[in-house]
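Inside the fold
So the chains spell out like this:
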Amino acid sequence: MADTSMTEHCAEVRVTRVFDASRERVFQAWTDPDDVAMWFSPAPLTTPRESVRIDLRVGGRYELTMVMPDGAASPLGFEIVEVDPPGLLVLRSDPMPDAGMPEPTLVRIELHEEASAQGSRTRMTLTDGPYPTGFGVHAERGWLSAFDKLASVVAG
């Protein structure tokens, strides 16, 4: 289950979710192209492995393409702004003026170990925005759907 919040005025999405996996495993799922291809898209979209390119360094690129069931492609690109394995990844999106997003968003992923009698668990907090009015709710739904897939990837 995820805790979510969104401030409509600034349209910033914040999602906190606990995964049954170590911080290292969750960070790997964010940064290994094979893993990213398995989860980085809301259902029913997919992310072809060949579209995922990650140059994991400050100033590097994080790129992928999500594909809709009808074959329409939605490429996404980010600059890596900050990286501190296995606890922090910060990405700045490329502007997408054709999609109504002329300004970049900042995606911040923070990973924290949680004590658990059942084994290693990680609390992930994602903050993403700002979004133009009306876009934040779609981003939030997309992240929540993708994180269901991420939970399966890191549990395996």
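To be clear, the structure that these remarks concern was listed above.
Just so it is clear, the structure is predicted and the values come from calculations on it, not from any experiment. (Residues numbered from 1 in each chain as written. Predicted model: local features only at pLDDT ≥ 70, side-chain atom pairs only at ≥ 80, totals over all residues. Heavy atoms only, no water.)

**So, the overall build of the protein**
In terms of regular secondary structure, the protein is built from three helices and eight strands. Helices and strands in the protein line up, N terminus first, as β-β-α-α-β-β-β-β-β-β-α. The C-alpha radius of gyration of the protein comes to 15 Å, within 12% of the 15 Å expected for a compact globule of 156 residues. Considered along the principal axes of its C-alpha atoms, the protein spans approximately 50 × 35 × 30 Å. Within the protein, the proportion of its 156 residues that are buried is 42%. Put simply, 48% of the contacts in the protein that link residues at least 6 apart link residues at least 24 apart. Accessible area for the protein stands at about 7900 Å²; split by element, carbon and sulfur atoms hold 53% of it. Each charge sign in the protein was given a centre, from 14 positive and 24 negative side chains, and these centres are 2 Å apart. (Helix = DSSP H or I, 4+ residues; strand = E, 2+ residues; numbered from the N terminus. Rg over C-alpha atoms; globule rule 2.2 N^0.38 Å. Buried < 20%, exposed > 50% of the residue type's maximum accessible area, 1.4 Å probe, protein only. Contact = heavy atoms within 4.5 Å. Areas by Shrake-Rupley, 256 points an atom, 1.4 Å probe, with all protein chains shown as cover. Lys, Arg positive; Asp, Glu negative; His and termini not counted. Charge placed at Lys NZ, Arg CZ, Asp CG, Glu CD.)

**Some thoughts on the pattern of salt bridges**
Scanning all chains against the criterion turns up 11 salt bridges. Among the ionic pairs, R17 bridges to D148, the shortest N-O distance being 2.7 Å. Of the two residues, R17 sits in strand 2 (residues 12–19) while D148 sits in helix 3 (residues 136–155), which places them 131 residues apart along the sequence. The partner of R49 in a salt bridge is D34, with the nearest N and O atoms 2.6 Å apart. Highlighted residues: R49 in the loop between helix 2 (33–39) and strand 3 (53–54) and D34 in helix 2, separated in sequence by 15 residues. (Salt bridge = Lys/Arg side-chain N within 4 Å of Asp/Glu carboxyl O.)

**Here's the deal with the side chain of D35**
Tracing the backbone shows D35 in helix 2. Among all residues touching D35, those that are not within four sequence positions of it are R25, Q28, A29 and V153.

**Concerning the nonpolar core**
If you look at soluble globular proteins, the nonpolar side chains tend to sit buried side by side. Counting 38 residues, the largest nonpolar core has W30, W39, F40, Y62, W143, F147 and L150 as the members making the most contacts within it. Ranked by the residues each element gives to this core, the list is headed by helix 3, at seven residues. For W30, the residues in contact, after removing those within four places along its chain, are V36, W39, F40, I54, Y62, L89, I109, M124, L126, W143, F147 and L150. (Core = buried A, V, L, I, M, F, W, Y, C linked by side-chain atoms within 4.5 Å.)

**Here's the deal with the packing of aromatic side chains**
The tally for this structure, following the rule as stated, stands at 10 aromatic pairs. Between W39 and F147, the ring centres sit 6.1 Å apart and the planes meet at 45 degrees, which makes this aromatic pair tilted. One end of the pair, W39, is in helix 2; the other, F147, is in helix 3, and 108 residues separate them in sequence. Of the two residues, W39 and F147, neither departs from the other in class, the shared state being buried. Aromatic pair F40 and Y62: ring centres 6.2 Å apart, planes at 50 degrees, arrangement tilted. You can see F40 sitting in the loop between helix 2 and strand 3 and its partner Y62 sitting in strand 4 (residues 61–67), a full 22 residues away along the chain. Y62 carries the same exposure label as F40, and that label is buried. Clustering of aromatic rings is evident, with ring pairs tying together W30, W39, F40, Y62, F78, W143 and F147. (Phe/Tyr/Trp six-rings, centres within 6.5 Å; stacked < 30°, edge-to-face > 60°.)

**Some thoughts on helix 3**
Spanning 20 residues, helix 3 covers 28 Å between terminal C-alpha atoms, matching the ideal 28 Å at 1.5 Å per step. Of the positions making up helix 3, those classed as buried are G136, A139, E140, G142, W143, S145, A146, F147, L150, V153 and V154. (Expected span 1.5 Å × (residues − 1).)

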